[in-house]
Amino acid sequence: MNRGFKVFLVGLSLIAIIVSFSYVYTMQRVDNMKVQKYLEISKEMRHDLELLIREKSEAVLLVGLTLSTDKTIKKILQKKEYKNTHLNDLALLLQKYTSLQNVWFQIVDANGVSVYRSWSSKHGDNLADMRLDVAKMIRLPKVMSTISVGKFDLTFKSMVPIFDKYDRFIGAVETLAKFNSLALKLESKGYQTLIIVDKRYKRQLTDSLSNVFVNDYYIVNPQNNDTLLDILKQHSIDYFLDIQSYKVDEKAGYLFTVHKEDGIDNRPMAYFILAKPLNEIDMSDVYQAQTKIIETLVLVSFFLLVFLYIIYSVNYKKFIQQQNELLEETVEEKTQELQKQSEKMKYLAHHDALTALPNKNLFLDRLKQAIKHAKRQHQSLAVLFLDLDRFKEINDTYGHDVGDELLKQIAQRLQECVREDDTVARIGGDEFTIILPNTNQVSVVKVVEKIFGEMKRTFIISGVDLHATFSVGISVYKQDGETPDILLRNADTAMYKAKDSGKNTYQFYNQQMTELVRKRLQLDTDIRNGLKNGEFEAYYQPKIDATTLRIVGLEALMRWNHPTKGLLYPVEFIPFAEEVGLIVEIDRYMLEHCVKQLVEWSAAGYKTGKLSINVSTKKLESDDFRSELYRIIEKSGVNTDLLELEILESQIMKDPEHSIDILRSIRSLGISISIDDFGTGYSSLSYLKKLPVSKLKIDRSFIVDVPEDEDDAAIVKTIIALAKNLDLDIIAEGVETEGQVEFLVQEGCHYIQGYYYSKALTQEECEAFMKKHG
């Protein structure tokens with residue numbers, strides 16, 4: 001038997017001992033907690049009873065003290081008048097309004113003779129059993145327990161002396177009240193109570209009494225206590241009377257405790273046996289503690305077992321490890337060697353040995369994966385085929401070593417010109433290819449021009465200054481092909497077109513695409529220069545109240561004063577600007593310019609109404625739009641009540657929930673929001689009522705044929721009615737005829753925008769128009 005196994009056996013024995021000890025400890029701990037719980041509950045039971053006894057005693061004494069000062073009582077004692085109206089009324093009042101339901105008053109003169117009694121449920125008159133303590137009670141008035149007359153009941157008793165106005169003792173008031181109400185009150189707390197009295201306190205007992213006797217004890221309240229009486233008969237009565245703090249009867253299912261009440265001779269006279277069902281005692285904290293202890297012990301045992309197992313495993317395997325160590329080292333060395341060779345072979349199979357770029361095999365595999373991704377995401381990608389111009393001349397002149405170094409430096413520069421997700425590969429002697437996923441034609445051309453820029457820098461190799469250029473062919477997925485082979489072949493074809501065009505240039509496989517891209521690239525440059533040189537200008541088209549012919553607002557419309565092409569309308573450059581992201585810069589330019597103009601007009605006293613400015617989707621969704629808007633407002637000091645942003649309905653409905661949040665943040669700045677081209681974006685009415693907008697603009701496509709076209713007229717009527725029901729302003733754009741104006745006014749749309757009243761005006765023309773119609 002090896003050493004490790006011996007350690008394991010010793011550990012198991014130790015765990016068994018710990019588990020046994022833990023079980024004994026747990027049981028003892030739980031028993032102690034139960035004992036503490038029973039002690040607390042029994043103490044609480046006795047405490048509740050003692051409070052009730054004290055309350056009852058104090059109530060009886062208070063009644064006696066009150067009567068001892070009553071003039072009527074003194075009059076009865078002095079003149080022996082036996083009218084009972086006063087005490088009888090008091091007994092009835094106490095019975096009706098207090099817990100003293102069974103009260104008995106007795107007036108005793110100085111000789112101990114009963115003068116008068118008043119009671120609520122007492123009959124008979126036998127003073128023989130209570131005269132022995134009269135003298136003592138008079139000398140030392142106190143509340144104590146005794147036996148009432150006529151029926152064997154446990155009562156509270158108070159005897160209070162009465163003095164005349166000369167401080168002479170003339171008699172006493174004796175007040176008695178039954179204990180029965182205490183049992184009822186304890187029952188409301190969930191306790192069952194059995195009241196027992198020693199028989200020596202009742203010398204004259206007859207069989208006619210209805211109470212129950214057990215040995216030498218008398219049961220005061222046997223009614224409705226059958227369960228406790230049965231338990232009492234199963235044991236001796238001393239079984240209960242000897243209880244010091246509590247006793248648990250598991251079989252009967254009760255917790256018992258006893259309260260002793262002394263008589264006038266300071267000996268136990270009455271016993272209150274209090275019982276509480278065990279199933280009503282909340283032991284959850286005990287069981288929770290038991291569960292936690294067990295869980296802790298199990299967890300400790302588990303970790304100890306795991307620890308021992310680890311020790312055993314380490315010792316058991318040590319020998320085998322030592323035996324196999326040499327073999328493992330040898331195998332590991334051979335495996336690492338083979339792995340390195342395998343990785344090297346795999347690398348060489350997929351990479352160019354000279355430049356470390358992907359070779360043709362890896363390039364085609366990555367192109368295949370890129371096509372799958374583009375197809376799945378509905379994106380485009382471009383393949384660039386790059387061929388060095390006159391590379392053979394460099395090799396023939398300076399040798400292959402210089403040529404190889406040139407290729408390595410070119411490979412490094414190509415990698416610096418592309419993104420991390422792009423792929424640069426060498427597929428031949430002087431041929432390179434590039435994959436550009438998720439791109440467009442303009443971005444492709446920018447990458448090519450960046451490459452041309454890098455190639456313009458001189459290559460210094462072995463002290464020789466060299467210059468090299470590329471001819472680049474470009475094919476685009478999927479218009480130029482949908483497979484790797486076709487895209488590569490078409491890019492190669494385009495590359496030869498570039499060489500035929502004089503080298504150091506690029507060509508798309510589609511010749512028309514080449515021209516289109518060059519035009520788009522020029523437009524990109526022109527827009528950037530136009531923003532820088534202030535070539536963009538705002539024209540303003542008035543909005544007229546057709547009922548008063550006064551201006552109610554202006555819409556800012558963009559125009560481009562192109563240096564060579566003249567005045568350009570938005571349709572000629574806005575779609576392209578949205579595609580390449582320049583629309584964000586254009587929107588910022590227009591916002592700043594128009595807000596500045598609005599402030600100047602307000603200062604000059606022009607009544608412009610609300611100035612509407614169009615905002616694109618990309619601008620609206622940009623992270624800094626709200627902060628930028630806030631900055632413009634703060635810097636200009638514009639009155640936001642005069643500012644309105646127009647948002648296309650189609651833009652809002654792309655993501656209505658997100659749009660609601662954005663528009664609310666804009667509305668919080670005091671800026672009004674209008675939905676432009678309403679009726680073309682398929683708005684959901686459920687979202688429309690949530691949008692923080694104040695105005696709807698009816699699209700011109702619904703206005704052009706009204707009132708002749710019944711369908712368009714019905715749509716316009718519906719939009720006007722919808723706006724009224726949602727308490728929104730309504731305006732129609734593209735209004736050009738008197739008939740259209742009359743139709744709109746008749747249907748309740750009074751705000752009109754269109755050529756019928758005015759075209760879009762320059763700043764100076766607009767100022768003249770406002771002077772005329774303001």
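Our structure's up above, just so we're on the same page.
Below is a short write-up of the structure.

What counts as what
- Residues numbered from 1 in each chain as written.
- Predicted model: local features only at pLDDT ≥ 70, side-chain atom pairs only at ≥ 80, totals over all residues.
- Heavy atoms only, no water.
- Phe/Tyr/Trp six-rings, centres within 6.5 Å; stacked < 30°, edge-to-face > 60°.
- Buried < 20%, exposed > 50% of the residue type's maximum accessible area, 1.4 Å probe, protein only.
- Lys NZ or Arg CZ within 6 Å of the ring centre and 35° of its normal.
- Axes fitted to C-alpha atoms, helices over the stretch in contact; angles between N-to-C directions.
- Helix = DSSP H or I, 4+ residues; strand = E, 2+ residues; numbered from the N terminus.
- Parallel < 35°, antiparallel > 145°, perpendicular 65-115°, else oblique.
- Left-handed = near helix turned anticlockwise from the far one by under 90°.
- Contact = heavy atoms within 4.5 Å.
- Nonpolar A, V, L, I, M, F, W, Y, C, P; charged D, E, K, R; others polar.
- Expected span 1.5 Å × (residues − 1).
- Patch = residues over 30% accessible without salt bridge, like charges linked within 9 Å, V, L, I, M, F, W, Y side chains within 5 Å.
- Areas by Shrake-Rupley, 256 points an atom, 1.4 Å probe, with all protein chains shown as cover.
- Salt bridge = Lys/Arg side-chain N within 4 Å of Asp/Glu carboxyl O.
- Lys, Arg positive; Asp, Glu negative; His and termini not counted.
- Charge placed at Lys NZ, Arg CZ, Asp CG, Glu CD.
- Polar contact = N/O pair within 3.5 Å; in protein donor to acceptor, adjacent residues only side chain to side chain.
- Pairing = 2+ DSSP bridges.

**Some thoughts on the packing of aromatic side chains**
Taken as a whole and judged by the stated rule, the model has 11 aromatic pairs. Relative to Tyr757, the ring of Tyr756 lies with its centre 5.0 Å away and its plane at 85 degrees, an arrangement referred to as edge-to-face. Residue Tyr757 is classed as partly exposed on the basis of its relative accessible area of 22%. Connected via pairs of aromatic rings, a cluster forms that spans Phe536, Trp560, Phe573 and Tyr589. If you follow Lys497 out to its NZ or CZ, it ends over the ring of Tyr509, 5.4 Å from the centre.

**Details of the packing of helix H23 (residues 710-725) against helix H24 (residues 738-747)**
It is at 10 Å that the axes of H23 and H24 come closest, and there the two elements cross at 40 degrees. On the basis of the axis angle, H23 is oblique to H24. By crossing handedness, the relation of H23 to H24 is classed as right-handed. Along its contact with H23, which presents Ala713, Val716, Lys717, Ile720 and Lys724, the element H24 presents Phe743, Leu744 and Glu747. When grouped by side-chain class, the residues that make up the contact of H23 with H24 number 5 nonpolar, no polar and 3 charged.

**Considerations on the packing of helix H11 (residues 400-416) against helix H12 (residues 441-455)**
Put simply, H11 and H12 touch, their axes get as near as 10 Å, and they point 140 degrees apart. Taken together, the axis directions place H11 and H12 in an arrangement best described as oblique. Crossing of H11 over H12 shows right-handed handedness. Of the residues in H12, those in contact with Ile410, Arg413, Leu414 and Glu416 of H11 are Lys450, Ile451, Glu454 and Met455. Broken down by class, the residue content of the contact of H11 with H12 amounts to 4 nonpolar, no polar and 4 charged.

**A few points about helix H20 (residues 656-667)**
Here H20 contains 12 residues, and its C-alpha end-to-end distance of 16 Å stays within 8% of the 16 Å for a straight helix at 1.5 Å per residue. Those residues of H20 that fall on the buried side of the exposure criterion are Pro656, Ser659, Ile660, Ile662, Leu663 and Ile666.

**Focus on a negative patch on the surface**
A surface patch of like charges, here negative, comprises Glu325, Glu328, Glu329, Glu332, Glu333 and Glu337. On the secondary structure map, Glu325 appears in helix H8 (residues 284-350).

**As for the environment of Glu393**
Topologically, Glu393 is positioned in helix H10 (residues 391-398). Along the backbone, Glu393 and Gly403 are 10 residues apart, and their C-alpha atoms lie at a distance of 9.6 Å.

**Things to note about unusual backbone geometry**
Residue Lys478 follows Tyr477 across a cis peptide bond; omega there is 5 degrees. Following the sequence through the fold, Lys478 ends up in the loop between strand E17 (470-477) and helix H13 (484-500). The residue after Val706, namely Pro707, is reached through a cis peptide bond having omega 0 degrees. Counting through the fold element by element, Pro707 comes out in the loop between helix H22 (700-703) and H23.

**Brief notes about the environment of Thr355**
Position of Thr355 among the secondary structure elements: in the loop between H8 and helix H9 (360-377). Overall, the relative accessible area of 12% leaves Thr355 in the buried class. Residues Thr355 and Glu405, spaced 50 residues apart in sequence, show a C-alpha to C-alpha distance of 9.0 Å. Filtering out sequence-adjacent residues up to four positions away, Thr355 remains in contact with Leu407, Lys408, Ala411 and Arg426. Within the local environment of Thr355, its side chain forms a polar contact with the side chain of Asp352, the two groups lying 2.6 Å apart.

**So, the pairing of strand E13 (residues 423-426)**
Where burial is concerned, the two faces of E13 agree: the one with Thr423 and Ala425 and the one with Val424 and Arg426 are both buried. Sheet topology note: the E13/strand E14 (residues 431-437) ladder contains 4 bridges and is antiparallel. Note that in E14 the partner of Ala425 across the bridge is Thr433.

**Looking at the pattern of salt bridges**
According to the stated counting rule, one finds 20 salt bridges in the structure shown. With its nearest N and O atoms 2.7 Å apart, the salt bridge here joins Asp389 to Lys499. With Asp389 in the loop between strand E12 (381-388) and H10 and Lys499 in helix H13, this residue pair connects regions lying 110 residues apart in the sequence. Exposure class is identical for Asp389 and Lys499. Each is buried. Connected through salt bridges with shared partners, the residues Lys543, Glu555, Glu644, Glu646, Lys695, Lys697 and Glu733 form a single ionic network.

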